[in-house]
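An overview of the molecular structure
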Amino acid sequence: MRSASLQIVWGQWLARWIGIRAALAATWEQQADRVGLWSPVLVAAGIGLFFWLPRDPPSWMLSMPVAVAGVALLVRRRGLGLVLIGRAGLLLTIGFAAAQAHSLLTAPVALRFPLPAAWYAAQVAAVGRTEAGYRLTLSHLQRDGVPVPEVGGGKVRLSLRSGPVPPVGSRVTVRAVLTPVPPPLVVGGFDTRLAQFFQGITAHGAVYDLRVIDPGEAPPWTRWRDGLAATVRSTVAGPAGDIAVALAVGDQTGIAEPVRQAMRDSGLTHILSISGLHIGLVAALVMLTVRRGLAVVPALALRLDTKKLAVWPTAALVLLYGILAGWDVPVQRSVLMTGVVLLAILIDRTPLTLRTVAVAAFLVLLGSPEALLNPGFQMSFAAVIALIAAYERIGPWVSGLRAAYGGILTPLIVLASSVLTSLVATLATAPFTAYHFHSIALYGIVANLLAIPLTGFIIMPGIVLGFLLLPLGLDAWGWQIAGWGIDGLIALAAAVAAFPGASIPVAQFSGFALLLIVLAGLWACLWHGNLRWFALIPLAGAMGVIISTPPPLFLTGGSDAAIAVPRADGIVEIFGATPTSLPARALGAALAAREIIPMGAPDSHAACDPWGCRFPTLHGPLALQRHPGAMSDDCRDAWGIVTAIPLRLPCPAPAWTLSTLHLRRTGPVRATIQDRGVSLETTRQSGRRWQPPERPRAQ
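Presented here is an overview of the structure given in this document. As the structure is a prediction and not an experimental result, all values here were calculated from the model.

Criteria and cut-off values
Residues numbered from 1 in each chain as written. Predicted model: local features only at pLDDT ≥ 70, side-chain atom pairs only at ≥ 80, totals over all residues. Heavy atoms only, no water. Pairing = 2+ DSSP bridges. Helix = DSSP H or I, 4+ residues; strand = E, 2+ residues; numbered from the N terminus. Axes fitted to C-alpha atoms, helices over the stretch in contact; angles between N-to-C directions. Contact = heavy atoms within 4.5 Å. Salt bridge = Lys/Arg side-chain N within 4 Å of Asp/Glu carboxyl O. Buried < 20%, exposed > 50% of the residue type's maximum accessible area, 1.4 Å probe, protein only. Disulfide = S-S within 2.5 Å.

Considering the sheet that holds strand 10 (residues 562–566)
Sheet architecture is open: six strands sit in the order 12-11-10-9-18-19, paired in mixed fashion. Strands at the two margins of the open sheet, each flanked by one partner only, are strand 12 (595–598) and strand 19 (677–682). The average undirected angle you get between the axes of adjacent strands in this sheet is 25°. Relative to strand 18 (residues 669–674), strand 9 (residues 554–557) runs antiparallel, the two sharing three bridges. Looking across to strand 18, one finds that Thr 556 is bridged to Val 669. Packing against the sheet, helix 21 (residues 582–590) makes contact with strand 9, strand 10, strand 11 (571–575) and strand 12, and its axis sits at approximately 145° to strand 9.

Shown next as structure tokens:
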């Protein structure tokens, strides 16, 4: 009897196992053509692992792809599972090695410690405008006739508040203070050190005196771009001219902050920077114009493939526009993506597919691994992937409607497609907007629904017309047309931003939660059929991480270690900085502040005097000290102390103490309550080439 029961149980398990294997085989057959789409995702995972490490890995790890490739070859006949694991490991190590190689090939080493004021000789590599003056980028820095060893042969970026602005290419002597590139303003914020390390910038500073010793001559291309920017500004006045310059030559430094804020609050910031939208519009306009022009000549239209013929001038003008726009990483990425699409047309492939996007992402990540951490890269690829995946699902349905009802429903289909495009792109980029910029434009869908046609039918055609008419000296016509469209864009942004609740503040959440959201989105877009529903698992995990993360007791940031303490009513109180300063605004945004006030203000919860402030918490007073006179009272009854004063005497009462000198060394800090003390989270990685080590402490 027992034997029969065992046979029945084993039979049931065997049947289940056979059923599972059959289901897996059917799933594999259905998804086999989508597996390759995950290749750039695995490369990106390897790159992310490299940047996540607290220290630079040893150089021998560059050979990992070779070793993993050898293992993959050995197991290639050992079953599908091992083959897939081997290929995944190979792609991971390729991404890791690409990031490591790019880091090692970037020669400059970040400035370790501040350098006092001194005279330097240098060449002006770039000049940009800021709200406070100008920003100079200097190369070939010398002190007393020899290269400055502390900056490792890299460039330095200096602020110039007033005085004559030296032209690009000139040789100058400057009296300046050099400081390390500043850390992120908040924990988990955009890492300026890493981004500028890969740009070759190793130090920041301020100019106290400047003398031009040789006017020199800027490169012809730079002179031409600067002249074009001046021409555009002379033709299009006011804020519209600054945006026209940004769209023509990629220089956004002249755009006023109120205009930027209105564009952010209305969800239209992406229009200000040349990206896939602009490059794609230029390509579409040139392609359409060339094809229509060739169609006018019957001898050419009947004998030649005008679509393929139009690819060549389109590619040339897109490349020229990319170079004029400054050829930075976002522009390179967009030009490369457009090039892959044009190549697909030449070889008779469908231009816009997920395979095209995968190839473009693969090439961008191998060429510029650090682009993975750039918000522009993340948002542009998220929008493109989501749009293509959405139209894969509804494309056959729309085609059926067009075939059944002809031109009757065409206007409605066009309108519905525009709404869907805006909705999908907004939803796809919303997690990145919330994570990086701590806000979501509530009316962004409506604003983009109006702004994209305005950009596509007036602004960008005007920019293209301006370029085409340059040789004839009639380019002002094009710039003026673009200016009219930009005036409408600015008015639209201001109107939308003025709506109640136009911008919803979002408190900072963890990078791990964003990673889970990205995984959920990729899973839903890259797979077929019911397998997509498993995307709900990482999405639920992300929501769980966000909900379970405790709110911070306070955040610190900025060179002076400003401290932001949130209140339950959404107001954030600032200690050590003015509410309008850049660190205070960044800390307030990370805390989703509805208002930022200084500690000690009439409606502040803190009690302040010239020696410091005491902020009430559930565990007792949080003491923030400015002067040694506050120490005796705070040591008697404070729950925690943040002080700039060295503790030389016993201080028994506080459960914890924290020095602002320590905060300046570690960079931004997120403090959360843990038991009766605090837990400090930082982003410091002192073992990386782009981050200076901690200053040695005196013994």
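Things to note about the pairing of strand 6 (residues 201–214)
Strand residues, when the strand is regular, have side chains that alternate between the two faces of the sheet. Sheet topology note: the strand 4 (residues 155–160)/strand 6 ladder contains five bridges and is parallel. By the bridge assignment, Leu 158 is partnered in strand 6 with Gly 205. Note: strand 5 (residues 171–179) against strand 6, nine bridges, orientation antiparallel. Bridge pairing links Arg 171 to Asp 214 in strand 6.

Here's the deal with the pattern of salt bridges
If you walk through the whole model with that rule in mind, you get 11 salt bridges. Its salt-bridge partner being Asp 348, residue Lys 308 comes within 3.1 Å of it at the nearest N-O pair. Pair noted here: Lys 308 is in helix 11 (residues 306–309) and Asp 348 is in the loop between helix 13 (329–346) and helix 14 (354–367), with a separation of 40 residues, a long-range link. Relative accessible area serves as the criterion here: at 23%, Lys 308 is assigned to the partly exposed category.

What about the state of the cysteines?
Under the criterion given, the structure shown has one disulfide. Note that Cys 608 is cross-linked by a disulfide to Cys 613, the S-S spacing being 2.0 Å. Taking the torsion about the S-S bond as the criterion, the Cys 608 to Cys 613 disulfide, at about 110°, is right-handed.

Concerning the sheet that holds strand 16 (residues 640–643)
Reading across the sheet, the five strands line up as 13-14-15-16-17 and stay open at both edges, with mixed pairing between neighbours. Taken across any chain shown, the strands that pair with only one partner, and hence form the sheet edges, are strand 13 (607–609) and strand 17 (656–659). Ignoring strand direction, the axes of neighbouring strands in this sheet form an average angle of 15°. As paired strands, strand 16 and strand 17 are joined by four bridges and run parallel to one another. Bridging across to strand 17, Val 642 finds its partner in Leu 658.

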